[in-house]
Amino acid sequence: MQDQTNRAERKYKFDTPIYHHTLYRDSLILSSISKWNNLQNHIRNISKIDTFKYMLKREYLEPQKPLYHYGNRLPQMPHTRIRLKFSNLNFHLFNYNLVTSPNCVHCTLPEIPNHYFFICTHYTAERNEMLQKIERIFQANRITNKITLEMILHGSKKLSYILNSQIFNAIHTFIRK
Ligand SMILES: [Zn+2]
């Protein structure tokens, strides 16, 4: 089992040639190999070049927005992955040929982010709790925003970092459940 894991881990990686001089070690090809091997597995294993470039850009080159790193890592990761269209939602998994259907297992509608955050009846109780928390934040600050998918995924440009992080807290609680 361990051996299989190691093999899967090594798949698509290059062996680093043995080198004797710092100059050689720092040469372009070696640094490229090392960069390639250090990519996250899910990116290194993408076979379509366009998808690969897109994910590389999204993951490594996009300017870092502090709000995207807000919160506990556990719910922050799935939140980020939904934003990057690379989540465990069936619609995203289907796009990467990882499941046979893009539909939600609870209600056979496409499991897109909007379905998960606003529609799926399987999460009604947890969703109501999240929406009430956000409404309370809005009321307390006399905000008349609507709760949209855009706001749930990216935060609102109209709101301060503090308010956005309070909203992200409510969203992360929903995702964790
Ligand atoms: Zn559903």
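The coordinates are above.
Residues numbered from 1 in each chain as written. Predicted model: local features only at pLDDT ≥ 70, side-chain atom pairs only at ≥ 80, totals over all residues.

Caption draft 1: Expanded view of the overall build of the protein. Looking only at helices and strands, the protein features 11 helices and zero strands. Reading the helices (α) and strands (β) of the protein from amino to carboxyl end gives α-α-α-α-α-α-α-α-α-α-α. Evaluated residue by residue, the protein yields a buried proportion of 14% over its 177 residues. Pairs at least 24 apart in sequence give 44% of the contacts found in the protein among residues at least 6 apart. (Helix = DSSP H or I, 4+ residues; strand = E, 2+ residues; numbered from the N terminus. Buried ≥ 20, exposed ≤ 12 C-beta atoms within 10 Å, placed from the backbone. Contact = placed C-beta atoms within 7 Å.)

Caption draft 2: Focus on the nonpolar core. The biggest cluster of nonpolar side chains holds 12 residues, and these are I82, L89, F91, Y116, F117, M130, I134, I152, I167, I171, F174 and I175. Looking at this core, the elements with two or more residues in it are α8 (113–119), α9 (124–140) and α11 (161–176). Ignoring anything within four residues of it in the chain, the contact list for I171 reads H79, M130 and I152. (Core = buried A, V, L, I, M, F, W, Y, C linked by C-beta atoms within 7 Å.)

Caption draft 3: Inspection of unusual backbone geometry at higher detail. The phi torsion at K85 lies on the positive side, around 60°, for a residue other than glycine. Note that K85 resides in the loop between α6 (73–83) and α7 (90–95). Taking the number of C-beta atoms within 10 Å as the measure of exposure, K85 has 16 and is therefore partly exposed.

Caption draft 4: Region of interest: the packing of α9 against α11. Close contact between α9 and α11 brings their axes to 9 Å; oriented N to C, the two are set at 170°. One finds that α9 runs roughly antiparallel with respect to α11. In this structure, α9 uses E126, R127, M130, K133, I134 and I137 to contact α11, whose residues at the interface are L163, Q166, I167, A170, I171, T173 and F174. Here the residues of the contact of α9 with α11 are counted per class, giving eight nonpolar, two polar and three charged. (Axes fitted to C-alpha atoms, helices over the stretch in contact; angles between N-to-C directions. Parallel < 35°, antiparallel > 145°, perpendicular 65-115°, else oblique. Nonpolar A, V, L, I, M, F, W, Y, C, P; charged D, E, K, R; others polar.)

Caption draft 5: Quick look at the packing of α6 against α11. The geometry of α6 relative to α11 is characterised by a closest axis approach of 9 Å and an angle of 90° between their N-to-C directions. Between α6 and α11, the interaxial angle falls into the category roughly perpendicular. Counted together, L74, P75, Q76, P78 and H79 of α6 and I171, H172, I175 and R176 of α11 form the full contact between these two elements.

Caption draft 6: Structural context of the environment of N95. In this structure, N95 sits in helix α7. Each C-alpha atom, one on N95 and one on K85, is 9.1 Å from the other, the two residues being 10 residues apart in sequence.

Caption draft 7: The environment of K65, seen in detail. For K65, the position within the fold is in the loop between α5 (49–61) and α6. When the C-alpha atoms of K65 and H154 are compared, they prove to be 9.7 Å apart, with 89 residues separating the residues in sequence.

By themselves, these figures tell us nothing about what the structure is for.
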